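# Examining the three-dimensional arrangement
One-letter residues, chain by chain:
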Amino acid sequence: MTDKRHIASKGFTIVELIITAMIIAIVGFAIGVVVVDAQSSWNVTYDKINSDVITDGYIARKKFDAVMRRASSRKYVLDSAGDWVEVYYYASDSSTVVDRYARFYVSDGTLNFEYGQLDPRATLGVDTICNNVSGCDFKQVGRSVQMILTLDNETQTNTIVSSAVTHNL
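Each value, and the rule that gives it
- Residues numbered from 1 in each chain as written.
- Predicted model: local features only at pLDDT ≥ 70, side-chain atom pairs only at ≥ 80, totals over all residues.
- Heavy atoms only, no water.
- Helix = DSSP H or I, 4+ residues; strand = E, 2+ residues; numbered from the N terminus.
- Buried < 20%, exposed > 50% of the residue type's maximum accessible area, 1.4 Å probe, protein only.
- Phe/Tyr/Trp six-rings, centres within 6.5 Å; stacked < 30°, edge-to-face > 60°.
- Lys NZ or Arg CZ within 6 Å of the ring centre and 35° of its normal.

Let's shift gears to unusual backbone geometry. In this structure, proline 120 follows aspartate 119 across a cis peptide bond, with omega equal to -5°. Unlike most non-glycine residues, aspartate 108 shows phi in positive territory, near 50°. Relative to the helices and strands, aspartate 108 is located in the loop between β3 (100-107) and β4 (110-117). Residue classification places aspartate 108 among the exposed residues on the basis of a relative accessible area of 79%. At glutamate 154, a residue that is not glycine, the phi angle is positive and equals roughly 80°.

Structure below.
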């Protein structure tokens with residue numbers, strides 16, 4: 001005689017399957033939300049880091065520092081309003097006199113770098129360093145020349161402060 005109480009069931013009930021499917025759906029939805037939010041945050045951060053105001057600011061700071069560090073500490077001209085700065089430097093390491101000039105100034109929303117020969121005065125070139133310039137001030141701070149550059153592309157603003165001490169005599 002067989003006892004019906006000891007027969008093991010081989011499977012799941014429909015209620016168990018529905019509950020398991022609901023739990024899997026909720027967990028899957030939660031993971032999807034986290035992944036989409038992380039991707040969105042990554043895109044925003046990437047756009048901020050690689051925007052033109054960030055890269056232009058970096059380029060402007062590097063160019064300003066490089067030129068100022070080559071400049072003669074004996075003479076540079078700073079506009080009284082702080083709109084431009086002009087420095088003088090040696091054309092090469094073998095030069096015995098300061099024979100070149102470099103000038104940073106802003107014109108029509110661009111930071112420009114003009115350079116040339118001193119005597120006789122001749123411009124050799126003008127390079128645009130960066131665009132989206134909403135403000136730029138040059139000033140003397142102790143023995144250094146400082147540039148405060150503000151870049152704005154309507155969606156992001158970046159202010160760069162760079163100070164460089166002129167090293168050459």
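That shown, we press on.
Another aspect to go through is the packing of aromatic side chains. For any pair of aromatic rings, the description consists of the separation of the ring centres together with the inter-plane angle of the planes. Counted by the stated rule, this structure contains 4 aromatic pairs. Centre to centre, the rings of phenylalanine 64 and phenylalanine 104 are 5.4 Å apart; their planes meet at 65°, and the pair counts as edge-to-face. On the criterion of sequence distance, the pair formed by phenylalanine 64 in helix α2 (residues 52-70) and phenylalanine 104 in strand β3 is long-range, its members being 40 residues apart. On the basis of relative accessibility, which here comes to 0%, the residue phenylalanine 64 falls in the buried class. The exposure class assigned to phenylalanine 104 is buried, which follows from its relative accessible area of 0%. Note on phenylalanine 64 and phenylalanine 138: the rings are 6.2 Å apart at their centroids and 35° apart in plane angle, and the pair reads as tilted. Separated by 74 residues along the polypeptide, phenylalanine 64 in helix α2 and phenylalanine 138 in strand β6 (residues 133-141) bring together distant segments of the chain. When sorted by exposure, phenylalanine 64 lands in the same class as phenylalanine 138, which is buried. By way of ring pairs, the aromatic residues Phe64, Phe104, Phe113, Tyr115 and Phe138 are connected into one cluster. The ring of tryptophan 84 has arginine 103 lying over it, and the distance from NZ or CZ to the ring centre is 3.9 Å. Above the ring of tyrosine 101, the side-chain terminus of arginine 121 is found at 3.7 Å from the ring centroid.

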